[in-house]
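Fold and contact review
Residues per chain are reported as follows:
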Amino acid sequence: PSMSPVAWSSFATGVDSSRHAIFDFITRDPCTYLPILSSSEITQGEKAMIKIGKKSFFKKATSNIRLLRKGTPWWKTLGDKKIFSNIIRVPITFPPEEFNGVCLSGMCVPDLKGTQGSFSFWTTDSNASGPDAGGDVLLVGRSGNVLRCPITGPQDPSSAEVKPMRIPMRIDVIDENNKIKITIGAKGGQQSFELGVKEYSDWITLEFKASKGRAKVTGIARFYCMGTGPEFGLYMTPINIDPANPAMPISHPNVYSIYLAKKHGPFATLGLAEDTWALNERVIDEEAFWKQSLNIWEERRKQLFDALDKTPKGSIVCVFDGTDRVSHMFHRYLDSTHPANEGKDTEWGKNKIAEIYNIADDLIGEVRAKINPKRDRLMIISDHGFCQFKRGVNLNAWLRDNGYLVLKDTAPVDEASGKKTSRDWLQDVDWSQTKAFSLGLTGMFINRQARERDGIVGEGEELANLKDEIVGKLSQLKDPASDELIFREVFDADKIFTGPYVFQAPDLFMGYKRGYRNSWDCATGACPVDVFSDNTKSWSGDHCIDPREVPGVIFSDTPINTESPNLMDIGPTALKLFGVKIPSNMQG
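Just so you know, these numbers come straight off a predicted model, no measurement behind them.

Now for the overall build of the protein chain. Secondary structure summary: the protein chain contains 13 helices and 36 strands in total. In terms of overall size, the protein chain behaves like a compact globule, its C-alpha atoms giving a radius of gyration of 25 Å where 588 residues would be expected to give roughly 25 Å. In terms of principal-axis extent, the alpha carbons of the protein chain reach across some 70 × 70 × 65 Å. Sorting the 588 residues of the protein chain into buried and exposed places 53% on the buried side. Put simply, of all contacts in the protein chain between residues at least 6 apart along the chain, 62% involve residues at least 24 apart. By element, 50% of the accessible surface of the protein chain is carried by carbon and sulfur atoms, the whole surface being about 26400 Å². Of note, the protein chain has its 72 positive side-chain charges centred 8 Å away from the centre of its 75 negative side-chain charges.

Laid out in structure tokens, this is it:
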């Protein structure tokens, strides 16, 4: 599937999904049917009660972080031959693996709270609604020109209860509609800074202290004031892991992120650093998102040129996410009929996709001027292309309507249609009668006896017949709004994959035509009334469709010897350039 975590894993390992075991951002735990992150696993040890004399206290629980991607990245193979690599922000490298080189982890690095990105937005607007996902909208009171609101951080490791650590924050409006003063921390350890409306602060270090003992953890965040009147609004980015004092392993060696922070200043460490959910939920606008994207781009540019200066021999990989994020959030500007345009600006951002590619082009010019064309090789590679995402498809609703997914008697019922519905994460599914279900952005799972806890579909002929039946029906599914077929092809995993991890994969992959994708509520395992819905979110462009519809690009300063280069070819090509034998398991 043409998804970033899948594609970059194939880029790194030279093998397909069934060999590196990444098929989507999320999958389901077959023992519980609950969602789990596909790329990494963070397990928390139990706290231990320790008693010394008359005093009792909790020993801090330890955590274990494990990368779930299988396969060996080509830079580790180079490292085994003493060839150094500098790997910057390649997705699915958290936690970083040990090899002869340095690595700054990319996509799927969590924030300090352990989520994939949770913003905070403080406002006096009582009409502001809580977000569907991605953060917190918090109503605050205003006394004259003063507002007080705490910053909520990670869980308190010294507390026996689930209790977050907090830092007090005071905001003074010192110039109506122009400037505010933010004071963070308690007396004796406060920091203050002024912030103009519609501008970002520098990265601010936030120190969270446990209620007992000396345990503390630091993170970094940026603030952006959306306005002070008539309603006040202050946005804070997700609290990023502090690269100068990382609470989790975000680089290899650990000192690499510290070195970059000391040399260039604090920088975004969150895997999905550009806050797409804040724009989706409209707590920030397109201008704020664009400024944030450019800030992160410049941080990455400094890291790349530092690597170019410090790596005279070896390989350098640096991933710039800005083209992807801006395309996701600004694609609606390219189509006046996009349903996401309703009620939103349609002029300010209409040239921003072209502009971010111009910025990328300028960067490539700088790199070409920096390298030695007689000695060095340069490739520019994308993990996928892009298209409009105008209509969402809820596969669970289709499965329910066709008798493959059954909801419990206690499931919510829509009064108008009389149909049963399910909340997120498949909460209301009756597994004893359900044959298939969907979760994530690209696949459908069969409720198999040999795999799922309450599976009812037998292996062999029963499984094959059910898949053929569903594929046949989905292949004829039309959008009632246009009477168009929506799938180019529905893929059977067993027919396209041969690797050892195909048993873990979704059983069917959805090869949508351009304009369609799994709907937002399908991704979260919900089952609403309707199969089809308009995509009205600012996230208006996408690529989680048939990969032949959204090919990526490769530019190379060396002739390419094939008409159809593949991401899996990059690893073997890199190894060959260095004269290293290509492992037999690589498919590229």
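Attention shifts here to the pairing of strand S9 (residues 119–123). When you tally the buried positions in S9, you get five out of five residues, the bulk of the element. Side-chain alternation along S9 places Phe119, Phe121 and Thr123 on one buried face and Ser120 and Trp122 on a second face that is also buried. As paired strands, S9 and strand S10 (residues 135–139) are joined by five bridges and run parallel to one another. Paired with phenylalanine 119 across the bridge in S10 is glycine 135. Note that S9 and strand S21 (residues 233–236) share four bridges and pair antiparallel. The residue of S21 that forms the bridge with serine 120 is methionine 236.

As a further point, take the sheet that holds strand S16 (residues 179–184). Overall, antiparallel pairing links the five strands, which are arranged S11-S12-S15-S16-S17 in an open sheet. The open sheet has two edge strands with one neighbour each: strand S11 (142–143) and strand S17 (191–196). Relative to strand S12 (residues 146–148), S11 runs antiparallel, the two being bridged by two bridges. Bridge assignment links serine 143 to a residue of S12, and that residue is valine 146.

Before going further, it helps to spend a moment on the nonpolar core. Nonpolar side chains in soluble globular proteins tend to end up buried together. The biggest cluster of nonpolar side chains holds 39 residues, and the ones touching the most others in it are Met444, Ile470, Leu474, Phe487, Met510 and Tyr512. Of all elements in the fold, only strand S26 (387–393), helix H9 (395–401), strand S27 (436–438), strand S28 (443–446), helix H10 (461–474), strand S31 (487–492) and strand S32 (508–512) reach the threshold of two or more residues within this core. In terms of residue count, H10 provides more of this core than any other element does, five residues in total. Each residue touching methionine 444, except ones within four places of it in the same chain, is listed here: Leu395, Leu399, Ala436, Phe437, Ile470, Leu474, Pro506, Asp507, Leu508 and Met510. Cys149, Met165, Ile182 and Ile239 belong to the second-largest nonpolar core, a separate cluster that totals 34 residues.

For the rest of this paragraph, the subject is the sheet that holds S28. The pairing of strands in a sheet comes from backbone hydrogen bonds and takes either a parallel or an antiparallel form. Strand order in the open sheet made by the four strands is S27-S28-S32-S31, with antiparallel pairing throughout. The two strands at the open ends of the sheet, each matched to only one other strand, are S27 and S31. Recorded for the sheet is a direction-independent mean angle of 25 degrees between the axes of neighbouring strands. Of the strand pairs in this sheet, S31 and S32 are connected by five bridges, and their pairing is antiparallel. In the strand pairing of S32, aspartate 492 is matched with leucine 508. Where H10 meets the sheet, it contacts S27, S28, S31 and S32, and its direction lies at approximately 145 degrees from that of S28.

Two numbers describe how helix H6 (residues 286–310) lies on helix H7 (residues 322–330): the axes approach to 10 Å, and their chain directions differ by 170 degrees. Taken as axis vectors, H6 and H7 run roughly antiparallel relative to one another. Residue-level contacts link Glu286, Phe289, Trp290, Ser293 and Trp297 of H6 to Gly322, Thr323, Arg325, Val326, Met329 and Phe330 of H7. In terms of residue class, the contact of H6 with H7 is built from six nonpolar, three polar and two charged.

At a closest axis distance of 12 Å, the pairing of H6 and helix H8 (residues 352–370) adopts a crossing angle of 10 degrees. In terms of axis orientation, H6 runs roughly parallel to H8. Note on packing geometry: the crossing formed by H6 with H8 is right-handed. Contacts between H6 and H8 involve Trp290, Leu294, Trp297, Arg301, Leu304, Phe305, Leu308 and Asp309 from the first element and Lys352, Glu355, Ile356, Ile359, Ala360, Leu363, Glu366, Val367 and Lys370 from the second. Across the contact of H6 with H8, the residue classes tally to 11 nonpolar, no polar and six charged.

The subject of this paragraph is the environment of serine 143. Tracing the chain through its elements places serine 143 in strand S11. Along the primary structure serine 143 and aspartate 172 are separated by 29 residues, whereas in three dimensions their C-alpha atoms are 9.9 Å apart.

Here we take up the packing of aromatic side chains. For the structure shown, the criterion picks out 24 aromatic pairs. Seen from their ring centres, tryptophan 398 and tyrosine 404 are 5.9 Å apart, and the 20 degrees between their planes marks the pair as stacked. Side by side, tryptophan 398 and tyrosine 404 carry an identical accessibility label, which is buried. Connected via pairs of aromatic rings, a cluster forms that spans Trp8, Phe11, Trp74 and Trp75. The aromatic ring of tryptophan 520 is capped on one face by arginine 517, whose charged end is 4.4 Å from the ring centroid.

Moving on to H10. The terminal C-alpha atoms of H10, which comprises 14 residues, lie 20 Å apart, in line with the 20 Å expected from a rise of 1.5 Å per residue. Among the residues of H10, those classed as buried are Leu463, Leu466, Lys467, Ile470, Val471 and Leu474. In a view along the axis of H10, the buried residues occupy a sector of 130 degrees, so they form one face of it. Contacts made by the buried residues of H10 are with H9, S27, S28, S31, helix H11 (493–496) and S32.

Inspection of the secondary structure assignment puts glutamate 299 in helix H6. Its relative accessible area of 12% is what places glutamate 299 among the buried residues. Residues contacting glutamate 299, with those up to four places away along its chain left out, are Trp203, Arg222, Pro266, Phe267 and Ala268.

Rules and cut-offs
- Sequence positions are assigned chain by chain, starting from 1 and proceeding in written order.
- The model is predicted, so local features are restricted to residues of pLDDT at least 70 and side-chain atom pairs to those at 80 or more, both for listing and for counting; the totals for chains, interfaces and linings are taken over all residues.
- To obtain the side-chain values, all non-hydrogen atoms of the structure were used and water was disregarded.
- Each helix is a run of H or I in the DSSP string that is no shorter than four residues. Each strand is a run of E no shorter than two, and both are numbered from the N terminus.
- Here the globule rule is a power law, 2.2 Å times the number of residues to the power 0.38, and the radius of gyration is based on C-alpha atoms.
- Only protein chains enter the accessibility calculation, which uses a 1.4 Å probe. A residue is then buried if its area is under 20% of the maximum for its type, exposed if over 50%, and partly exposed in between.
- Two residues form a contact once any of their heavy atoms are found within 4.5 Å.
- A 1.4 Å probe and the Shrake-Rupley method give the accessible areas. Residues count as covered only by the protein chains that appear here.
- Positive charges are assigned to Lys and Arg, negative charges to Asp and Glu, while His and the chain termini are left out of the count.
- In this description, the location of a charge corresponds to atom NZ of lysine, CZ of arginine, CG of aspartate or CD of glutamate.
- A pair of strands counts as paired when DSSP detects no fewer than two bridges linking them.
- Each nonpolar core is a collection of buried residues, namely Ala, Val, Leu, Ile, Met, Phe, Trp, Tyr and Cys, held together in the definition by side-chain atoms within 4.5 Å.
- In this description, a line fitted to the C-alpha atoms serves as the axis of each element, helices being fitted only across the stretch in contact, and the angle between N-to-C directions of two axes falls anywhere from 0 to 180 degrees.
- Angle categories: roughly parallel below 35 degrees, roughly antiparallel above 145, roughly perpendicular from 65 to 115, and oblique for all the rest.
- Note on residue categories: nonpolar means Ala, Val, Leu, Ile, Met, Phe, Trp, Tyr, Cys or Pro, charged means Asp, Glu, Lys or Arg, and polar means any other residue, Gly included.
- By the definition used in this description, the sense in which the near helix is turned from the far one sets the handedness, with an anticlockwise turn below a right angle giving left-handed and a clockwise turn giving right-handed.
- The aromatic pairing rule takes the rings of Phe, Tyr and Trp, using the six-membered ring of Trp, and pairs them if the centres are within 6.5 Å, calling planes under 30 degrees apart stacked, those over 60 edge-to-face and the rest tilted.
- For a Lys NZ or an Arg CZ to count as sitting over a ring, it must be within 6 Å of the ring centre and within 35 degrees of the ring normal.
- Multiplying 1.5 Å by the helix residue count minus one yields the expected span of that helix.
- Note: the arc covers the axis-to-C-beta directions of the helix.

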